[in-house]
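One letter stands for each residue in the lines below.
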Amino acid sequence: MKKKCFTFLFLFMATLTFAQKTVIKTDAAPAPIGPYSQAIEANGMVFVAGQIGLNPQTRQLVAGGFEAEATQIMENIKAVLGAAKLSMDDVVNTTIYVKDLANFAKINEIYGKYFNGNFPARATVGVDNLPGGAALEIAVIAVRGPRKK
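An account of the accompanying structure is given in this report. Chains are numbered independently. Their residues run from 1 in the order of the written sequence. In keeping with the model being predicted, local features are shown solely for residues with a pLDDT of at least 70 and side-chain atom pairs are shown and tallied solely at 80 or more, while totals for entire chains, interfaces and linings include all residues. Note that the side-chain values use all heavy atoms of the structure and ignore hydrogens as well as water.

Turning our attention to unusual backbone geometry. Despite not being glycine, R59 shows a phi value in the positive range, around 60°. Mapped onto the elements of the fold, R59 is located in the loop between β3 (45–51) and α2 (66–83). Partly exposed describes any residue whose relative accessible area lies between the buried limit of under 20% and the exposed limit of over 50%, with all areas from a 1.4 Å probe on protein chains only and scaled to the type maximum. According to the relative accessible area criterion, R59 is partly exposed, its value standing at 37%. Here K85, not a glycine, exhibits a phi torsion of approximately 60°, which is positive. Secondary structure is summarised from DSSP: a helix means a run of H or I of at least four residues, a strand means a run of E of at least two, and numbering begins at the N terminus for each.

And the structure:
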């Protein structure tokens, strides 16, 4: 009986430990426009919701076209990661959704400036439409690694 009780308690505690999630939230990035969180951390992984080029204060799409949107998106992602005490160096995967694949070179130019050479894995997907009339949307996954001294 003791062994079964111990096994149950161990499995229960392990489930609680591994199943916990933390909502990441910051005013430095746009508030969600639907029923989702800016990011969720679970088991050392931070899943940042897809960001479009919204100004965090006005919650309106930034003016200036594709490049302005792309830059704002990357700044929003940095802000969400910062709220999780992470940086762009902790990003392991990105997914980019873009309405016009002719902007692929522009994406690479702007996106590339936000990383220090060890680029994350990435998928770029052409889509017909995005929320709020955005030209692109980017979601990232970051991993909390050992703390650097």
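Here we come to a nonpolar patch on the surface. On the surface, M45, F47, V92 and V143 cluster together to form a nonpolar patch covering roughly 270 Å² of accessible area. Inspection of the secondary structure puts V92 in strand β4 (residues 91–98). Each patch is built from salt-bridge-free residues with over 30% relative accessible area, joining like charges within 9 Å and nonpolar side chains (Val, Leu, Ile, Met, Phe, Trp, Tyr) within 5 Å. We get accessible surface area from the Shrake-Rupley algorithm with a probe of 1.4 Å; when it comes to residues, only the shown protein chains can shield them. The salt bridge criterion pairs a side-chain nitrogen of Lys or Arg with a carboxyl oxygen of Asp or Glu, the two atoms within 4 Å.

With that settled, the discussion passes to the side chain of E137. Structurally, the position occupied by E137 is in strand β6 (residues 136–143). Although E137 is buried, it makes no salt bridge; K99 carries the closest opposite charge, 11 Å away. What makes two residues a contact is simply this: any of their non-hydrogen atoms within 4.5 Å. When near neighbours in sequence (up to four residues on either side) are disregarded, E137 contacts G50, Q51, I52, I73, T95, I96, Y97, L130 and P131. In summary, the charge assignment counts Lys and Arg as positive and Asp and Glu as negative, without counting His or the chain termini.

Glancing now at the environment of M88. Turning to its location among the elements, M88 is positioned in the loop between α2 and β4. Classification of M88 by relative accessible area gives buried; the value is 7%. Between the alpha carbons of M88 and N116 there is a distance of 8.5 Å; along the sequence they are 28 residues apart. Non-local contacts of M88, meaning those with residues more than four positions away in its chain, are made with M74, I77, K78, L81, Y114 and F115.

Here we come to the pairing of strand β2 (residues 39–42). The criterion for strand pairing is that DSSP finds at least two bridges linking the strands in question. Sheet topology places strand β1 (residues 21–24) next to β2; four bridges connect them, and they run antiparallel. Across the sheet, V23 pairs through a bridge with I40, a residue of β2. Counting the residues that bridge the hairpin from β2 to β3 gives two residues, and of these N43 lies at a positive phi of roughly 55°.

Once that is clear, we can look at the pattern of salt bridges. In this structure the tally under the stated criterion is three salt bridges. As a salt-bridge pair, R144 and E41 come within 2.8 Å of each other at their nearest N and O atoms. Linking R144 in the segment after β6 with E41 in strand β2, this pair joins segments that are 103 residues apart in sequence. On the basis of relative accessibility, which here comes to 15%, the residue E41 falls in the buried class. A salt bridge links K78 to E75; its shortest N-O distance comes to 4.0 Å. Placement of the pair is K78 and E75 together in helix α2, with a separation of three residues, close to one helical turn.

By themselves these figures say nothing about function.
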